[in-house]
Each structure stands twice: as C-alpha cells, then as structure tokens.
Amino acid sequence: MLGLDQIVLIVQIKIQPLQMQQQLLLVLTMLLLQQQQAIVHRKQELAAITVKPTPNISGNAKTDPTNCNTATGTITLSGLIPGTLYY
C-alpha cells in the first residue's frame, strides 16, 4: 500500500497523455478503496471486544474425603452461571 507522500508525488508528476491520466485515476481510486476497507476492518475488530463475566459466588458447601490421600471430597460453589467460563 502506498503512503500518502507517495500518492502526492504521483499526483504532482505532469501527465500529458489521456491514457496515463486514466490509469492514475484508477490507481488512486483503488488506493482509496483499500484505505476504506482497512478502516471498516479496524472498526469490526473494535466491535469484537468481549467482556468476561465476574464470578459472583453466593455460597459453598464441602464434603471431607472419606480416606486420606484420596479425591473423595467435594467443594460445591453456588451463584455461578452454568456454561460460563470465568478467568
């Protein structure tokens, strides 16, 4: 993609033949379209921001393990939304 200073330099060049003027107009039109597409893409990226929910734990319950060194105990949290990832 050309920078603005390069576009200005192209426009400043004296162009006599009509064909070259038409080609320059086509190039400038394409550059403007590319810039517009880049702006739309940036706006879409900004619109895709997701805010993660904050957990709100309203209670808990526990069950102690029945034997030492085993994973038979439980901890239950209440107040969270099912299927929601919390970070």
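This is a predicted model, so every value here is computed, not measured. (Residues numbered from 1 in each chain as written. Predicted model: local features only at pLDDT ≥ 70, side-chain atom pairs only at ≥ 80, totals over all residues. Heavy atoms only, no water.)

## A few points about the overall build of the protein chain
When you go through the protein chain residue by residue, the secondary structure sums to two helices and two strands. For the protein chain, the sequential pattern of α-helices and β-strands runs α-α-β-β. Per-residue burial over the protein chain gives 6% buried out of 87 residues. In the protein chain, the proportion of contacts linking residues at least 24 apart, taken out of those at least 6 apart, comes to 27%. Accessible surface, the protein chain as shown: approximately 8000 Å² in total, 62% of it carbon and sulfur. (Helix = DSSP H or I, 4+ residues; strand = E, 2+ residues; numbered from the N terminus. Buried < 20%, exposed > 50% of the residue type's maximum accessible area, 1.4 Å probe, protein only. Contact = heavy atoms within 4.5 Å. Areas by Shrake-Rupley, 256 points an atom, 1.4 Å probe, with all protein chains shown as cover.)

## Structural notes on the pattern of salt bridges
All chains considered together, the criterion is met by one salt bridge. Its salt-bridge partner being K62, residue D64 comes within 3.2 Å of it at the nearest N-O pair. Of the residues examined, K62 reaches a relative accessible area of 59% and is grouped as exposed. (Salt bridge = Lys/Arg side-chain N within 4 Å of Asp/Glu carboxyl O.)

## Remarks on the environment of G3
One can find G3 in the segment before helix 1 (4–12). G3 gets classed as partly exposed once you look at its relative accessible area, which sits at 26%.

## Observations concerning unusual backbone geometry
Backbone geometry places N69, a non-glycine residue, at a positive phi of 60°. In this fold, N69 is placed in the loop between strand 1 (59–63) and strand 2 (74–78).

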